[in-house]
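A structural walkthrough
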Amino acid sequence: MKNGNTEMNDMSSERAKFSQMAEGTAADYKIISDNFRTFSKELPDRVLSHLKLLEGDFGGFAVDRLEHSLQCATLAHQDGQDEEYVVAALLHDIGDTLGTFNHADIGAAMLKPFVSEKIHWILEKHGIFQGYYFFHYIGLDRDMREKFRGHEHFEDCAHFCAAYDQTAFDKNFESASLDFFEPMVRRVMAKPKQSIYLME
Ligand SMILES: [Fe+2]
Ligand SMILES: [Fe+2]
C-alpha cells in the first residue's frame, strides 16, 4: 500500500523483528508503541479528512452531507450545547460512506472513547430516532424509536433529532465552516477517556 498514513508510517526506520506475534519481544513492542503514540495523535486529522468525503454527496437531499453535518453542529453550537455535543453533531453522519446500512454505528464507535455514555447513545441511536421524520414515507415504522421509550437518554436523542439533525437540510442556512469546528474536534479527541489501549 502506498497511500495516506501507511506511507507515512513507512518512513519510520525501526521495525519489529517478529513474523508471528507469539515471537514478539518487549523491544518489538517498544517500537510499535512509539509508532502508536504518533499514529493516535493524528486521529483528528484522519477524521477531518474522512468527514470531507461527505462533500458533494447529496443523496437526493437539498444539501450535501458535509453541509448537513456543518448545519447540525452549528445549530447545536448556537443553542449553547457544549463542545463534546457539538463535535458529536458534526461527526454524527461520518459513517455514511462506509456504513451505508448502519451509518450511526460508525460515528458512535469512532467517538466512543472520547464522549460521555449519553452522547454515545445519542450517536448510536440517532438513525432510528431520525426515522420518526421519514420512515413512514419509505415503508418503515416511524415509531421504531418507541422500543427505547423510558430509556434514560430517550428524550436527549429525540431532542438531538428534533432540534438539530432533522432541521439541518436548509440550503439557505449560513453554517460555520469546518475550520471553525476543527479546534473543537482536536480538543475533544485529544485524550481518550476509555479504551482498552490506554497506556501510561
Ligand atoms: Fe444520520
Ligand atoms: Fe444527520
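Residues numbered from 1 in each chain as written. Chains lettered and ligands numbered in written order. Predicted model: local features only at pLDDT ≥ 70, side-chain atom pairs only at ≥ 80, totals over all residues.

- The chain is annotated in an unreviewed UniProt entry as HD domain-containing protein of Sneathiella litorea.

1. Regarding the overall build of the chain
- Tallying secondary structure elements over the chain gives 9 helices and 0 strands in all.
- Scanning the chain from its N terminus toward the C terminus, one meets helices and strands in the order α-α-α-α-α-α-α-α-α.
- Taken over the C-alpha atoms alone, the chain extends approximately 55 × 35 × 35 Å along its principal axes.
- Within the span of the chain, comprising 200 residues, buried residues form 28% of the whole.
- Pairs at least 24 apart in sequence give 56% of the contacts found in the chain among residues at least 6 apart. (Helix = DSSP H or I, 4+ residues; strand = E, 2+ residues; numbered from the N terminus. Buried ≥ 20, exposed ≤ 12 C-beta atoms within 10 Å, placed from the backbone. Contact = placed C-beta atoms within 7 Å.)

2. Notes on the packing of helix H5 (residues 83–91) against helix H7 (residues 117–130)
- In contact at an axis separation of 11 Å, H5 and H7 are set at 15 degrees when each is read in the N-to-C sense. Between H5 and H7, the crossing angle belongs to the class labelled roughly parallel. In the packing of H5 onto H7, the handedness of the crossing is right-handed. Contacts between H5 and H7 involve Glu84, Tyr85 and Ala88 from the first element and Ile119, Ile122 and Leu123 from the second. (Axes fitted to C-alpha atoms, helices over the stretch in contact; angles between N-to-C directions. Parallel < 35°, antiparallel > 145°, perpendicular 65-115°, else oblique. Left-handed = near helix turned anticlockwise from the far one by under 90°.)

3. Some words on the packing of helix H6 (residues 103–111) against H7
- One can describe the packing of H6 onto H7 by two numbers: an axis separation of 7 Å at closest approach and a directional angle of 170 degrees. Between H6 and H7, the crossing angle belongs to the class labelled roughly antiparallel. Residues His103, Ala104, Asp105, Gly107, Ala108 and Leu111 of H6 lie in contact with H7, whose contacting residues are His120, Leu123, Glu124, Lys125, His126 and Gly127.

4. Examining the UniProt feature "domain: HD" (unreviewed entry) in the chain
- Following the UniProt record, the feature "domain: HD" (unreviewed entry) maps to residues 65–132 here.
- Segment residues 65–132 splits into 68% helix and 0% strand. End C-alpha atoms: 19 Å apart. (UniProt positions renumbered as here; feature names shortened; annotations may be inferred.)

5. Some words on H6
- Here H6 has its buried residues at Ala104, Ile106, Gly107, Ala108 and Leu111.
- On its buried side, H6 packs onto H5 and H7.

6. Describing the environment of Thr25
- Position of Thr25 among the secondary structure elements: in the loop between helix H1 (4–10) and helix H2 (26–41).
- The spatial distance from the C-alpha of Thr25 to the C-alpha of Thr167 is 54 Å, given a sequence separation of 142 residues.

7. Brief notes about the nonpolar core
- Among the nonpolar cores identified, the biggest contains 37 residues, and Ala73, Ala76, Ala88, Ala89, Leu90 and Leu91 are the most heavily contacted of them.
- Counting only elements with at least two residues in this core, the list comes to helix H3 (43–51), helix H4 (65–78), H5, H6, H7, helix H8 (154–165) and helix H9 (178–188).
- In terms of residues, this core owes the most to one element, H5, which gives 7 residues.
- The residues contacting Leu90, other than those within four sequence positions of it, are Ser69, Ala73, Phe181 and Val185. (Core = buried A, V, L, I, M, F, W, Y, C linked by C-beta atoms within 7 Å.)

8. Let's talk about the environment of Leu91
- Tracing the backbone shows Leu91 in helix H5.
- C-alpha of Leu91 to C-alpha of Met110: the two residues are 19 residues apart in sequence and 9.2 Å apart in space.
- The contact partners of Leu91, leaving out residues within four places of it in the chain, are Val47, Leu51, Gly107, Met110 and Leu111.

9. A look at H5
- In terms of residue burial, H5 counts as a mostly covered element, since 7 of its 9 residues are buried.
- By the burial criterion, the buried members of H5 are Tyr85, Val86, Val87, Ala88, Ala89, Leu90 and Leu91.
- Buried-residue contacts for H5 involve H3, H4, H6, H7, H8 and H9.

10. Observations regarding the environment of Ala190
- With respect to the helices and strands, Ala190 occurs in the segment after H9.
- Judged by the 11 C-beta atoms lying within 10 Å of it, Ala190 falls in the exposed class.
- Sequence spacing of Ala190 and Arg142 is 48 residues, and the spatial spacing of their C-alpha atoms is 37 Å.

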